[in-house]
Each structure stands twice: as structure tokens, then as C-alpha cells.
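Each chain, written out:
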Amino acid sequence: IWPRHIRDQFFSGGACWRVGAPWALSPAMMSLPGRTILRVAVRAPRTPALQVQLGRAGFASVSPALQKKVDGFRRDIETHLPKDGKQVVFATAWLATDNVFVALMRDHFPSVLSGMHLVAIDTMHLFPDTLVCARQVQEKYAKQALWKMPQGVSTREEFEAKYGDCEEMDTADFDFVSKVEPFQRALQECSKDILITGRRMDQAAQRISLDVWEEGKRTLNPMASFSWGDIIAYADAHGVPVNRGHNFAYRCDAPIEATKRHLPDLPWKTVDLGKPFWQASEAELKGSPPAAVTYVFKSFGDTHTTVPVEPHESERAGRFVRQAKTECGIHTRTTSAGAPHGGALVDLMVKDPAAAQALVAATVKTIDLNERQACDVFCLVNGAFSPLAGFMDETAYDAVVSGMRLPEKQLFGLPVTLDLHSVEGLKAGDKLLLRWAGKDVAVLEASSIWRPNKVVEAKEVYGTSSLEHPTVHSLIAEQGQYYVGGRVHGISSPEFKYPVQTPTEVRGTLPEGRDVVAFQNRNPIHRAHFELLKCAQRDVKDSTLLVHPTCGPTQPGDIDGVVRIDTYEALRKETEQEYPMFRWAYLPYSMKMAGPREAIQHMIIRKNYGATHFIIGRDMAGTKSTVTGDDFYGAYDAQETGKKHSAELGVTVTHYENMVYVGEDGYVEESEAKKQGKKVVKLSGTEFRRRLRGGEEIPEWFA
């Protein structure tokens, strides 16, 4: 009745233990009530004491400490999951933790398990033993998984023909097509309400503060408090299937760099231990003579992103070792229409007055922000820049500048940095008090202080290092030459001369279950804009139209934000009875005029405000040379970039041509006007601003 590894370890070599009589369970013992536990303490020579609990079924049961965690698991499931399991999804990779979760559910919540969805992704790059383990788990616990594969392929060969070799693909692209996109399809098919993961706090530093329940994400992490030791103890005690790849030891004469352990023909000896490595003694692991280093697989992802580690290392130590990211994209990049970027809306405001006061008291320097910087602080502390939790550190900055992605591979269009002209006396760990308009608004915990290469930043982010680009000129010639990054703690949300709304406030005004089409503009609103808004709201059936212009600093020559907002407020009052499906809100954001990249930034911001669709017009966030007047970006570059990343962001791009005025017929699309040979009446933005400043009349058809 002993699990094999215990029997082999304690009852071998001619040794025999008896308890009063020959080792057996009598008929009387077998008739004991099912909850009865027999405690047997066993000590073998040179082996630490091991307490094993035996239940009637003949398997070793769990220790009191582990039982306490199982009890906590049961409370969490009862608290957060519906009894029928409907609209609940568990994302499984068939790892030991995942399989223990399924075993626990079958033992304690069979009805919930039966009603919920087990979702598995075959990336076409899994270990063969993973698929064997998957079959064993599905059969043992009578729970079939919903399997998804990369779009349009069913074999490794088809994957490579359509997407390319995994080693040659961009890691973010592989992550998305092989995992994130299939998983998003599965969630949609399951009408997911609650997502369950097998993440644990002991797996990596990034998970050390993992909450069991994440309300913003509607995510349950019921295994969070379990340790690796808990998982293997439970698996052994209850006969939970685990990956056979755990059975192998890789013995070496010298250490091999983790970044090279995926290579073929490595100088190690592969040994089948005949049992999971944790059931083997140190002598069995090292062999005879003892190997200098022994590696084992503690986790299994894709074959090219997973390597063996030393037995004492964390499972995650063998994952993504050749990449900057540490998490699977399923946890960091999975999204849905209307969900915040990264899964949850970030809120950095300190709610406890005493805690806020203590943070302010601990600061070593006060920084008076300009309006551009104050806009960034507003967007950070209120979640408009979710998933950012502060100004980017150097690592995040480099990743976004070079690849338009955060280190965990989430899309992010532009760097968000705090620039200073001097950092004399500052060091990592210092707290800085950020003030705006004479008021304390935030505390920055400086974790990274550096001097960036702004020429490289300009070239990568704006597509040019020419000072004829107005924002590049400001970046290089006017802004501070140092950057300070780190977590931001909101003390008081920045206030401006115009009314502004947070993502939470705007989301509270949006009807549930409806698509939300967002409109961004940095200019006063004209009749052509409003005609476009009517088209967009009509084209996206039963939608709400979020009119959401920026009102922070833009480029030299633009109309002031307060005046711009006045035009929107006037139009809102004129149209609110006829167009009750419109919502109006104003964003304190400093335009960068970065064309395609800024379109992505605006899509992310509006996603955080609740948008499912985003209007990208002609030449969005574009600008001209201050010398020649030539455009820096193509008329539809922003549209194309937005459409390219639309599926990943979960935001549908709605794009329209310019609406032009043709006299009696009013406004029509520019191509339609040309097709019908209509005469187009135009008034350029430059001419409009000249007339305003000169006090001249503005045509009624224009504004």
C-alpha cells in the first residue's frame, strides 16, 4: 500500500519494519470510517524522519500543514466560483501544479469541475511527454480539455510554413500566434467570466505578491500559497499524473549556461531515473562517481523556451532564459474587447492619508512638474497608462524604444519617462516628491537613473532624428537630459484648467454590454469631425460613441487646450438631446506627434477607458517639417499600424476617409466627392487659425 518511492526508500536492502504484527491492514482497520487517518512515523538509517498518513484507500495522505492549504483552497473555490462551474475557465499547461488543481477539484468539487472549461493550447512546440501527460490527466479525472491551436495550422510543419521557424520568429510574434490568439479564441468560445490560473507565489519574484483573487481581472489563483514541495507531496500522495520528463537527470562534469541548455549534443549524460527526480536520493541523482552538476526538468513549456535546471532552483528558472520576459503571454497579453490593457486597471492612488503623509515625509527632493509631465502623472496614477505602475525604468524604456513592447512583451507605443535637467545628489532608492501647480500630486520611488541616447530614441520612436520634427526638437533641445524611472504613488490626482475624467469615472458612464467607439482629436471639433462621429456610431450597431479629445500640450501653433474643450462643450450641449448615445470626456495628455506609434498609444489609452473600437483618421498624430512643410508620415501609416495590432489589443480600428463639404449636399467622403465630380470647399487648419486670430468670420459649414 506504500507509494513506490517510499517503499523503495524505506523497505529495501533487507530491512523490515513491523507495527505490533506483520505489516498489514486488518479487516477491522479497513472498516474504519472514511475520514479515519492512521499516523505512522518511520525512520530509516541516514534518512530524515518522515511522517506519512495512511487513508483507507491505500495512498499516503497529506501532512497537517499541507492539509491546511487544501482547506484554504476549498474555501477559495467556495467563495469565488459558481457551483455549476459555468463561464469558468482554467488555463492548463499540464504542469504538476495544474494537474494537482484538477485532482483537487475532482475530489472536492466534482460538479464545478464538470461544468467549467479546461483550456489547453497546443503550440505545435510542446514536449511529446506533455501530450502524454495531458491524456493521462483527462482520462483519470474524466475531464476533457478544450484544445486550441494556432490559427489555420494543425502540425509543426504547417506552422513553419505559415508563420516561420520558431527560432527565427520575433519572440513576441511567436507568443501571440501560438498562445495568446488561440487562448483568446477559447475564452470567447467559453464566454469566460472567471479565469483560473495555476500560478504560485514561490515560483518567481514577479509572483511573490500574487493575490488569490484579482477582482479587476476576474482571476482566481487558488494555488498561490502552495509551494513546490506541497505540489509534489500531494501528487505523490494521491497518484496525480505528472510529466514523464521529470524522470530524467542530466549529469555534467561542469556547469552549462542556461542560455545554451536548449542546444543539441550537449556534454551531459541523460539518465532515466525510473521515477520523478524528487523521489530519488541525492546519490541516485548524481550517479557514481557523483556528477559535478545535475540538471532536471522542473517545468515544461515549449521545447525551445524551456531548459533543465538544478534541483534546488525554481521551476521558472528554466523558462524563457533567452528572453527578457519572465511570464507566458497568456498571463500578460491575453485580452478581450473592453478589458484594460494588461487585464486590470492600475490604480496608484494612496487611499490611506497616514500612508500618503509618510511617503511625502520620506522624500529627499521636490520636483516641480511642467504641464506635459503633470499629464503623464495623471495618466499613471489613474490607470490610463495601464499596465504601467510608474515612470519606465531603463530596461522598460529600452524595450519600448527599440521594440514598442514592455519587457513582458505587452504592446506599448511610446516611452513614458520623467526627464530632469540635473540628477545631482540623487540615487536609486530615493523618493522624489512631484508637485504640480503648487500641490503635492505624487511620490516617485527612483529605481533607475540614467542618461538616455536621445538621438536613438528620436530615430526609433519618431522615425527621424531631424530637429525639423517639433517633438524631436523639444526632446533633444529642451527637455531634461536625464531620466528617472520607478514606481509612482498618487497623493492627489493632478488638476487642470479644464475638466478631466479618469478611466474609472468614464467606465462608470458606459452602458454594459455595448461596443464603445472612441474618438481622439487634438484640435477644436469641426463639422466634418461630427459627421464622421455620426457615421462611426451608425456603422457600429448599438454602440456608444466616446468623444475623448486630448487637452494637454501639443505642438507649437496649436490652439490652447481650454479653448479646444470649449468647442466640445458647446457641441455637447447642442447635440445631447438628439444624440444621447454620445459620451464626452477630456484627457490630459501631451501629444507627441509620433504618427503610427502614437496611434498605438491612443488605442491603449482608450482601451483603458473602456473602448472596444477606435477611430483612426487620415494622418493621425502626424506633423510636418518646420522648415519645408513636408509630412513626416504617410497619410494612412497610423491606420495601417493600428489595424496590424488590432487583434492583439482587442480594439477594432474603424477608419474613414476625410469628410469634405460639397455645398448643398453637405458632407460626403472625399472619394465619393471625386467620383461624382463634386466641387469640394476647403478651409485648412492653418487658415482657420489665422482667421480666428484675426477676428475674421468662420464659415458656418466649417465650424
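Going by the structure above, here's the rest.
Residues numbered from 1 in each chain as written. Predicted model: local features only at pLDDT ≥ 70, side-chain atom pairs only at ≥ 80, totals over all residues. Heavy atoms only, no water.

### Description of the sheet that holds strand β10 (residues 248-252)
Defined as follows: The pairing criterion for strands is at least two bridges between them, as found by DSSP. Each helix is a run of DSSP H or I of at least 4 residues and each strand a run of E of at least 2, with the numbering of both proceeding from the N terminus. Convention adopted: a line fitted to C-alpha atoms gives each axis, helices being fitted over their contacting stretch, and angles between N-to-C directions are expressed from 0 to 180 degrees.
Sheet architecture is open: three strands sit in the order β11-β10-β12, paired in antiparallel fashion. The open sheet terminates on both sides in strands that have one partner only, identified here as β11 (268-272) and β12 (293-295). In this sheet, adjacent strand axes meet at a mean angle of 25° when their direction is disregarded.

### Some details on helix α21 (residues 637-644)
Every α-helix winds through 3.6 residues per turn, so residues three or four apart in the chain are directed the same way. Convention followed: Note on classification: 1.4 Å probe, protein chains only; a residue is buried when its accessible area is under 20% of the maximum for its type, exposed when over 50%, partly exposed between these limits. In this context, the arc is that of the directions from the helix axis out to the C-beta atoms. Any two residues whose heavy atoms approach within 4.5 Å are treated as being in contact.
Regarding α21, the residues found buried are A638, Q639, T641 and G642. Considered in projection along α21, the buried side chains sweep an arc of 165° and stay on one side of the axis. Tucked into the core, α21 has its buried residues touching α20 (596-608), β22 (613-616), α22 (646-649) and β23 (652-655).

### Some words on the environment of E460
With respect to the helices and strands, the residue E460 is situated in helix α15 (residues 454-462). With a relative accessible area of 39%, E460 lands in the partly exposed category. Between the alpha carbons of E460 and V400 there is a distance of 9.4 Å; along the sequence they are 60 residues apart.

### Describing the side chain of K409
Quick note on the threshold: Charged residues are defined narrowly, with Lys and Arg counted positive, Asp and Glu counted negative, and His plus the chain ends left uncounted. We define a salt bridge as a contact between a side-chain nitrogen of Lys or Arg and a carboxyl oxygen of Asp or Glu at a distance within 4 Å. N or O atoms closer than or at 3.5 Å make up a polar contact, with two conditions inside protein: a donor-capable atom paired with an acceptor-capable one, and, for residues adjacent in sequence, both atoms drawn from side chains.
With respect to the helices and strands, the residue K409 is situated in the loop between α14 (394-403) and β15 (418-420). Of the side chains with opposite charge, D170 comes closest to the buried, unpaired K409, at an N-O distance of 5.7 Å. A distance of 3.5 Å separates polar atoms of two side chains, one belonging to K409 and the other to T171.

### Here's the deal with the packing of α14 against α15
Rule in force here: In these notes the angle categories are as follows: under 35 degrees is roughly parallel, over 145 is roughly antiparallel, 65 to 115 is roughly perpendicular, and the rest is oblique. Basically, the charged four are Asp, Glu, Lys and Arg, the nonpolar ten are Ala, Val, Leu, Ile, Met, Phe, Trp, Tyr, Cys and Pro, and anything else, Gly included, counts as polar.
Interhelical geometry of α14 versus α15 gives an angle of 50° and a closest axis separation of 7 Å. Classified by the angle their axes make, α14 and α15 are oblique. Where α14 approaches α15, its residues Y397, V401 and S402 are matched on the opposing element by V456, E457, E460 and V461. When grouped by side-chain class, the residues that make up the contact of α14 with α15 number four nonpolar, one polar and two charged.

### Remarks on the side chain of H125
In this fold, H125 is placed in the loop between β5 (117-121) and α6 (128-140). In this structure the side chain of H125 is engaged in a polar contact, spanning 3.2 Å, whose partner is the side chain of R156. Excluding anything up to four places from it in sequence, H125 contacts R156, F159, C166, F174, G301, D302, T303 and H304.

### Concerning the sheet that holds strand β21 (residues 582-584)
Within the open sheet, the five strands sit side by side as β21-β20-β19-β22-β23. Their pairing is parallel. Of all strands in the sheet, those bounded by a partner on one side alone are β21 and β23. Neighbouring strand axes in the sheet, compared pairwise and without regard to direction, differ in orientation by 30° on average. Where strand β19 (residues 516-519) meets β22, two bridges bridge the pair, whose relative direction is parallel. For V517, the partnering residue across the bridge sits in β22 and is H613.

### Let's talk about the pairing of strand β16 (residues 431-436)
Two strands pair when backbone bridges link them, and strand β13 (residues 365-368) and β16 are joined in this way by four bridges, in the parallel orientation. Its bridge partner being in β16, I367 is matched across the sheet by L434. Bridge analysis of β16 against strand β17 (residues 439-450) gives six bridges, and the strand direction is antiparallel. Bridging from a neighbouring strand, L432 pairs with L444 of β17. In this antiparallel pair of consecutive strands, β16 and β17, the connection spans two residues, and A437 shows a positive phi of 55°.

### Details of helix α18 (residues 527-539)
Going by this rule: Take the residue count of a helix, subtract one, and multiply by 1.5 Å to get its expected span.
With 13 residues, α18 should reach 18 Å at 1.5 Å per residue; the first-to-last C-alpha distance of 18 Å fits that figure. The set of residues buried in α18 consists of A528, H529, F530, L532, L533, C535, A536 and Q537.

### Quick notes on the environment of H526
Note on placement: H526 falls in the loop between β19 and α18. H526 gets classed as buried once you look at its relative accessible area, which sits at 14%. Excluding its chain neighbours within four sequence positions, the residues that come into contact with H526 are F688, F702 and A703.

### Some thoughts on unusual backbone geometry
In this model, S288 is joined to P289 through a cis peptide bond whose omega is -5°. For P289, the position within the fold is in the loop between α10 (282-286) and β12. Cis rather than trans, the peptide bond between S386 and P387 has omega equal to 15°. You can see P387 is positioned in the loop between α13 (371-381) and β14 (390-391). Non-glycine residue W94 carries a positive phi angle of around 65°. Looking at the secondary structure, you find W94 in the loop between β4 (88-91) and α4 (96-108). On the basis of relative accessibility, which here comes to 3%, the residue W94 falls in the buried class.

Just geometry here; none of it tells us what the structure is for.
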